[in-house]
Amino acid sequence: MMNAYEKHYLYDAMINLANAVDCAVNEYKLNPDDFSRMFIVSGLSKQFGMGNPKYVAGMSGGELTKTIYETVNQTRDVVLKKPRAVTIVKTPEYWAGWITAYWQWKTGRSFREIFENIKLSEIIRMYHPYHEMDENSFVETAEDIISKRQGGRMTKLAAMRIRSGLSQSQLASKAGVNIRNIQQYEQRAKDISKAGADTVLRLARALNCEVEDLIETEIIHDS
């Protein structure tokens, strides 16, 4: 799957999650990783990730934060300040919510999968320098981080792509291959040796290499 839901909901989703994270951390004084866990446990992350209009556009970010907190704590008597609708100052927390919403939409990853691999607090710390870059630059960096953490050893595809000076999106465009498939091959979530011959051939041509240069082989270590 490429995008998580229809693009016309994306901007509202990014603003809402941005305001929700900012509100949780800077107004309600919640630990960002505790808040991300609440988001998952509440079940709202799944609805948000599917683009449910009630959560991505039907309430403000502050209201979303309050709803998440109340759902997890099973109470409607939460002693919290009335949530604001819009953040005026764009804090690192605001940016983290904004970019995470975009990342989830762009890749179709679940929020659970995202936060299990890169904590919300870690994303906040990436504010410098990524807030000044295009959203896709962050997504590609985040996907590379996950790939390295999950696989340890870099895949041949990732090595050839980096050697060619191409980003994942540039390779996808040049080869005519879905960027999500490239990400999954590099993360070893999918086995490139089981990909269609045409797909591997197009990747090889785009990278100016042989098909064999992209196929993973078992490495036997000396004892």
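Residues numbered from 1 in each chain as written. Predicted model: local features only at pLDDT ≥ 70, side-chain atom pairs only at ≥ 80, totals over all residues. Heavy atoms only, no water.

*Asks:* Any chance you could explain the environment of R109 here in plain terms?
*Replies:* If you trace the backbone, R109 turns up in the loop between α6 (92–107) and α7 (111–117). We classify R109 as buried; its relative accessible area is 1%. Spatially, the C-alpha atoms of R109 and R180 are 9.7 Å apart, while their sequence positions differ by 71 residues. Excluding anything up to four places from it in sequence, R109 contacts W103, Q104, I114, E143, I146, R180 and Q187. (Helix = DSSP H or I, 4+ residues; strand = E, 2+ residues; numbered from the N terminus. Buried < 20%, exposed > 50% of the residue type's maximum accessible area, 1.4 Å probe, protein only. Contact = heavy atoms within 4.5 Å.)

*Asks:* How should I be thinking about unusual backbone geometry in this particular structure?
*Replies:* Where the residue is not glycine, phi is negative for most of them; where a peptide bond is considered, it is trans in most cases. In the segment running from H128 into P129, the intervening peptide bond is cis, with an omega of 10 degrees. Despite not being glycine, K29 has its phi angle at roughly 60 degrees, a positive value. Mapped onto the fold, K29 is located in the loop between α1 (10–27) and α2 (32–41). Even without being a glycine, N208 presents a positive backbone phi close to 55 degrees. Within the secondary structure, N208 is located in the segment after α14 (197–206).

*Asks:* Can you help me understand the pattern of salt bridges in this one?
*Replies:* Proximity of charged atoms lets side chains of opposite charge pair with each other. Applying the stated criterion to the full structure yields 8 salt bridges. The network of salt bridges with common partners includes R109, E113 and E143. (Salt bridge = Lys/Arg side-chain N within 4 Å of Asp/Glu carboxyl O.)

*Asks:* Where do I start with the environment of D191 in this structure?
*Replies:* Here D191 lies in the loop between α13 (179–187) and α14. Classification of D191 as partly exposed rests on a relative accessible area of 37%. Along the sequence, D191 and I215 sit 24 residues apart, while their C-alpha atoms lie 8.8 Å from each other. At a separation of 2.7 Å, a polar atom in the side chain of D191 contacts the side chain of S193. (Polar contact = N/O pair within 3.5 Å; in protein donor to acceptor, adjacent residues only side chain to side chain.)

*Asks:* How should I be thinking about the packing of aromatic side chains in this particular structure?
*Replies:* Each aromatic ring pair is summarised here by two numbers: the centre-to-centre distance and the angle between the ring planes. Taken as a whole, this structure holds 10 aromatic pairs when the rule is applied. On the numbers, 5.5 Å between centres and 85 degrees between planes, the contact of W95 with F138 is edge-to-face. In this pair, W95 is assigned in helix α6 and F138 in helix α10 (residues 135–151), connecting sequence segments 43 residues apart. For the residue pair W95 and F138, the accessibility class agrees, reading buried in each case. Measuring from centroid to centroid gives 6.1 Å for Y130 and F138, while their planes differ by 80 degrees, and the two rings are edge-to-face. Exposure remark for F138: the relative accessible area of 0% places this residue in the buried category. In textbook terms, an aromatic cluster arises when at least three aromatic residues are bridged by ring pairs, as seen for W95, W103, Y127, Y130 and F138. Taking NZ or CZ as reference, K90 lies 5.2 Å from the ring centre of Y94, over its face. (Phe/Tyr/Trp six-rings, centres within 6.5 Å; stacked < 30°, edge-to-face > 60°. Lys NZ or Arg CZ within 6 Å of the ring centre and 35° of its normal.)

*Asks:* Can you help me understand empty space enclosed by the protein in this one?
*Replies:* Summed over all chains, the structure comprises 2 cavities of 30 Å³ or more. In this structure, the largest cavity spans a volume of roughly 60 Å³. Taken together, D144, S147, K148, M154, T155, A158, R161, I162 and E186 make up the full set of residues lining the largest cavity. Residues of the lining of the largest cavity, tallied by class, amount to 3 nonpolar, 2 polar and 4 charged. Considering only enclosed or pocket space, the second largest cavity measures out at about 40 Å³ in volume. If you go around the second largest cavity, the residues you meet are L17, V21, F35, F39, A96, G97, T100, F115 and L120. Counting residues per element, the ones that place at least two in the lining of the second largest cavity are α1, α2 and α6. By residue class, the composition of the lining of the second largest cavity is 7 nonpolar, 2 polar and no charged. (1 Å grid on protein atoms, 1.4 Å probe; cavity = no way out; pocket = protein on both sides within 12 Å on 5 of 7 lines; lining within 4 Å. Points joined across faces, edges and corners; volume = space filled by probe spheres on them. Nonpolar A, V, L, I, M, F, W, Y, C, P; charged D, E, K, R; others polar.)

*Asks:* Would you take a moment to explain helix α11 (residues 156–163) for this structure?
*Replies:* Along an α-helix, residues three or four positions apart point the same way, because every turn accommodates 3.6 residues. Looking only at α11, the buried set comprises L157, A158, M160 and R161. All buried residues of α11 lie within an arc of 165 degrees about the axis, which places them on one face of the element. Count one or two residues on from α11 and you reach G165, which has phi positive near 75 degrees. (Arc of directions from axis to C-beta.)

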